[in-house]
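Fold and geometry: a report
Okay, here's what each chain looks like letter by letter:
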Amino acid sequence: MKYVSTRNNKLSVTGSTAVLTGLAPDGGLFVPESFPEMSAEEISRMTEMDYPERSALVMSKFFDELSYDELLDIARRAYATFDGDPAPEVKLESGLYVLELWHGKTHAFKDMALSVLPLLMTALKEKAGQKETCLIPVATSGDTGKAALEGFSDVEGTAVIVFYPDGGVSHTQRKQMVTTLGSNVKVVAVKGNFDDAQTAVKQAFGSKELAEKLAAIGCKMTGANSINLGRLAPQVAYYFSAYADLLSSEQISYGDKVDFCVPTGNFGNILAAYYAKRMGLPVGKLICASNDNNVLTDFLDTGVYSLDREFIKTTSPSMDILISSNLERLLFEFAGRDSDTVNDWMNELKKNGSYDIGGERLCEIRETFWGGFATQEDYADTLMDIYDEYGYLCDPHTAVAFNVSKQYAEECDDDAPTVVVSTASPVKFAATVLESIGITPPDDDVKALKKMEAETAFPVPESVYALFGMSERFDEVTDPARLSETVYDFAEGLKK
Ligand SMILES: *Cc1c(COP(=O)(O)O)cnc(C)c1O
């Protein structure tokens, strides 16, 4: 399998190059030259496989430089860090299911990919004979950071430095990050919001000067943000797995279409669902759920992507994003894989803060995608409703998805079963969850967790409580303009 760039469809690189660089040299994202196929027989056969086997089968379609057995070994090791089934599906009622993607170490769906990526990277690095240390600067809106830190902590030949928006993540998210152990990790707060942090990290990646300075000390930058192909491929797997589970439990028959509703930020998770569809999974609608930062809802309504809006801080912080990086991969497909068109749109976005894909393309996108958003109040009501009706406690991000999936059901005549994708455990957002179900949360995080556990019987793992007793290792705050220097200083410190 070869990969091209969304900004240069003539480029052709291997899967290892795509994973080991992250972003294409022209600033584009790597996309498969053509979509690999999963046959009906393979999808049906998944019903007899465990999760690592399903994951390895899907990944084998993307990475032919590794054998199925090597990929299976990677998947087995990655998902052994999970508590039980990595992607269980819970039935709320006939036709309504929740796919829980937060049984990994950091209790958010980022673990699904970030537990695999370090192992994938080291395996590909070895095959490619790369000697340099993979230095990984990461911008996070809250969950990626910890998942990357956990995944890469003390992995030989790698180092990770995480930047999060100062004051822009939840208490628990911050605490999780700044307590991470490991000699090859660092965490820094950046003044500004997530988009500021992400933009500064992208600039560091694009900086020739920084790359040269790093090369001189044996380091090479690699992206581990959700644009990395090595994160996308493991994410495609759980959509196949969800379908296989519906087949095994006889909720559907082979060929029945299933809708997925995905709480969306950087568009990585929902894009993986679209890739699954293109690979042959019988997918009906993909419902794109946003919070108050509803740039994608507007885009799916009008075909105009516009940054002329306020950045709103919500209690579903992992979706507080205005520049959805992975959307570029979708644009590439709907531009007929014409990278010139994608370049034009991206240049317009840079120059004027918006682009317009036009009515015809929008119509085509809307055959598969439906967009909606939930405000702060609306999703809190939904969180309460779902808890009341099904006794199912979900986190704020998942509640946004439930709200939007309800809007979809009300507005559209579609009787396909819906799988709501659940991206975080309530334990990450105890105070917000309590508030949504009408209980005043105690100020203290541990007390909030205890209260949630007492009131709802939702089990809080011991490791989450333990977190609050751990000492904080990192307290540095930096200016976006100084980010490259911070990366270099970290790399230099590694040698000592
Ligand atoms: C990252 C994240 C999202 C958004 O996922 P994208 O792939 O960026 O669209 C949603 N919910 C949670 C809890 C997350 O951590």
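Read on for a plain summary of the structure. Owing to the predicted nature of the structure, the values given are computational and were not obtained by experimental measurement.

Let us look at the overall build of the protein. Across its full length, the protein carries 22 helices and 16 strands. A compact globule built from 496 residues should have a C-alpha radius of gyration of about 23 Å, and the protein, at 21 Å, falls within 12% of that. The C-alpha extent of the protein, read off along each of the three principal axes, is 60 × 50 × 50 Å. A burial count over the protein gives 61% of its 496 residues as buried.

Attention now goes to the sheet that holds strand β10 (residues 258-263). Strands sit in the order β4-β5-β15-β10-β11-β14 across an open sheet of 6 strands; the sheet is mixed. Since the sheet does not close on itself, it has two edges, and those belong to β4 (89-93) and β14 (369-373), each with one partner. Each neighbouring strand pair of the sheet contributes to a mean axis angle of 25°, computed without reference to strand direction. Taken together, the 5 bridges between strand β11 (residues 283-290) and β14 define a ladder with parallel strand orientation.

Right, let's talk about the environment of Thr-199 for a bit. Summarising the element assignment, Thr-199 is placed in helix α9 (residues 194-206). A sequence separation of 55 residues divides Thr-199 from Thr-144, and the C-alpha atoms of the two residues are 16 Å apart. At 2.6 Å, the side chain of Thr-199 and the backbone oxygen of Asp-195 are in polar contact.

This part takes up the pairing of β4. Relative to strand β5 (residues 96-100), β4 runs antiparallel, the two being bridged by 4 bridges. Paired with Lys-91 across the two strands is Tyr-97, which belongs to β5. What sits between the antiparallel neighbours β4 and β5 is a turn of 2 residues, in which Gly-95 has the positive phi angle 90°.

Tracing the chain through its elements places Lys-146 in helix α7 (residues 143-152). If we ignore the near neighbours within four places in the chain, the residues touching Lys-146 are Thr-106, Gln-176, Met-177 and Thr-180.

Moving on to the site of the ligand. Neighbouring the ligand are 15 residues; Lys-110, Asp-143, Gly-265, Asn-266 and Thr-423 lie closest to it. Between an oxygen atom of the ligand and a main-chain N or O atom of Gly-265, the distance comes to 2.8 Å. Broken down by class, the residue content of the shell around the ligand amounts to 5 nonpolar, 8 polar and 2 charged.

To continue, consider helix α22 (residues 483-494). Its 12 residues place the ends of α22 17 Å apart at the C-alpha level, agreeing with the 16 Å of an ideal helix rising 1.5 Å per residue. Restricting attention to buried positions, one finds in α22 the residues Leu-483, Thr-486, Val-487, Tyr-488, Phe-490 and Ala-491.

With that settled, consider the environment of Gly-353. Within the fold, Gly-353 resides in the loop between α15 (339-352) and β13 (354-356). Separated by 47 residues in the primary sequence, Gly-353 and Ser-306 place their C-alpha atoms 5.9 Å from one another. For Gly-353, the residues in contact, after removing those within four places along its chain, are Tyr-305, Ser-306, Leu-307, Asp-308 and Glu-348.

One broad rule of soluble globular proteins: the nonpolar side chains tend to lie buried together. Grouped together as the largest cluster of nonpolar side chains are 113 residues, with contacts concentrated most on Phe-62, Tyr-239, Phe-240, Phe-260 and Tyr-355. Of all the elements, helix α11 (residues 229-248) adds the most residues to this core, at 13 residues. Listed in part, the 42 residues of the second largest apolar core include Ala-374, Tyr-379, Tyr-392 and Ile-437.

The next thing to look at is unusual backbone geometry. Here His-107, not a glycine, exhibits a phi torsion of approximately 65°, which is positive. For Arg-337, which is not glycine, the phi torsion reads 60° and is therefore positive. Within the secondary structure layout, Arg-337 lies in the loop between α14 (327-334) and α15.

Turning our eyes to something else, we now look at the packing of helix α4 (residues 68-79) against helix α6 (residues 117-128). Each pair of packed helices gets described by two things: the angle between the helix axes and the distance between those axes. Two numbers describe how α4 lies on α6: the axes approach to 10 Å, and their chain directions differ by 150°. In terms of orientation, α4 and α6 fall into the roughly antiparallel class. The way α4 lies across α6 gives a crossing that is right-handed. Along its contact with α4, which presents Glu-70, Leu-71, Ile-74, Arg-77 and Ala-78, the element α6 presents Leu-119, Leu-120, Ala-123 and Lys-127. Taken together, the residues of the contact of α4 with α6 break down into 6 nonpolar, no polar and 3 charged.

Each disulfide is one covalent bond, formed between the sulfur atoms of two cysteines. Taken as a whole, this structure holds 0 disulfides when the rule is applied. Free of any disulfide, Cys-134 has its nearest cysteine sulfur in Cys-219, 9.4 Å distant. Accessibility expressed as a relative area gives 3% for Cys-219, which makes it buried.

Our next topic: the sheet that holds strand β16 (residues 477-478). Read across the sheet, 5 strands follow the order β9-β6-β7-β8-β16 without closing on themselves; strand pairing throughout is parallel. Looking at strand neighbours, the two that pair on one side only are β9 (219-221) and β16, the edges of this open sheet. In terms of strand pairing, strand β7 (residues 158-165) meets strand β8 (residues 185-190) through 6 bridges, oriented parallel. Following the sheet pairing, Val-162 is matched in β8 by Val-187. Strands β7 and β8 of the sheet are contacted by helix α8 (residues 171-178), whose axis makes an angle of about 155° with β7.

Take the pairing of β11 next. For β11, the buried fraction is high: 8 of the 8 residues fall into the buried class. Here 5 bridges tie β10 to β11, and the two strands are oriented parallel to one another. Each residue of the ladder has a partner; that of Pro-263, found in β11, is Ala-289. Since β10 and β11 lie parallel, the crossover through helix α12 (residues 268-278) that links them has a hand, and here it is right-handed.

Let us look at α8. The element α8 is extensively covered by neighbouring structure, given that 6 of its 8 residues are classed as buried. Taken together, the buried positions of α8 are Thr-172, Gln-173, Lys-175, Gln-176, Met-177 and Val-178. Residues of α8 that are buried make contact with α7, β7, β8 and α21 (462-467).

Take the side chain of Ser-115 next. One can find Ser-115 in the loop between α5 (110-114) and α6. Note on Ser-115: relative accessible area 14%, which makes it buried. A polar side-chain atom of Ser-115 sits 2.6 Å from the main-chain carbonyl oxygen of Asp-111. Dropping the residues within four chain positions of it, Ser-115 is found in contact with Ala-78, Tyr-79, Thr-81 and Phe-82.

Cut-offs used in this document
- Residues numbered from 1 in each chain as written.
- Predicted model: local features only at pLDDT ≥ 70, side-chain atom pairs only at ≥ 80, totals over all residues.
- Heavy atoms only, no water.
- Helix = DSSP H or I, 4+ residues; strand = E, 2+ residues; numbered from the N terminus.
- Rg over C-alpha atoms; globule rule 2.2 N^0.38 Å.
- Buried < 20%, exposed > 50% of the residue type's maximum accessible area, 1.4 Å probe, protein only.
- Pairing = 2+ DSSP bridges.
- Axes fitted to C-alpha atoms, helices over the stretch in contact; angles between N-to-C directions.
- Polar contact = N/O pair within 3.5 Å; in protein donor to acceptor, adjacent residues only side chain to side chain.
- Contact = heavy atoms within 4.5 Å.
- Near = heavy atom within 4 Å.
- Nonpolar A, V, L, I, M, F, W, Y, C, P; charged D, E, K, R; others polar.
- Expected span 1.5 Å × (residues − 1).
- Core = buried A, V, L, I, M, F, W, Y, C linked by side-chain atoms within 4.5 Å.
- Parallel < 35°, antiparallel > 145°, perpendicular 65-115°, else oblique.
- Left-handed = near helix turned anticlockwise from the far one by under 90°.
- Disulfide = S-S within 2.5 Å.
- Right-handed = clockwise from strand over helix to strand, strands pointing away.

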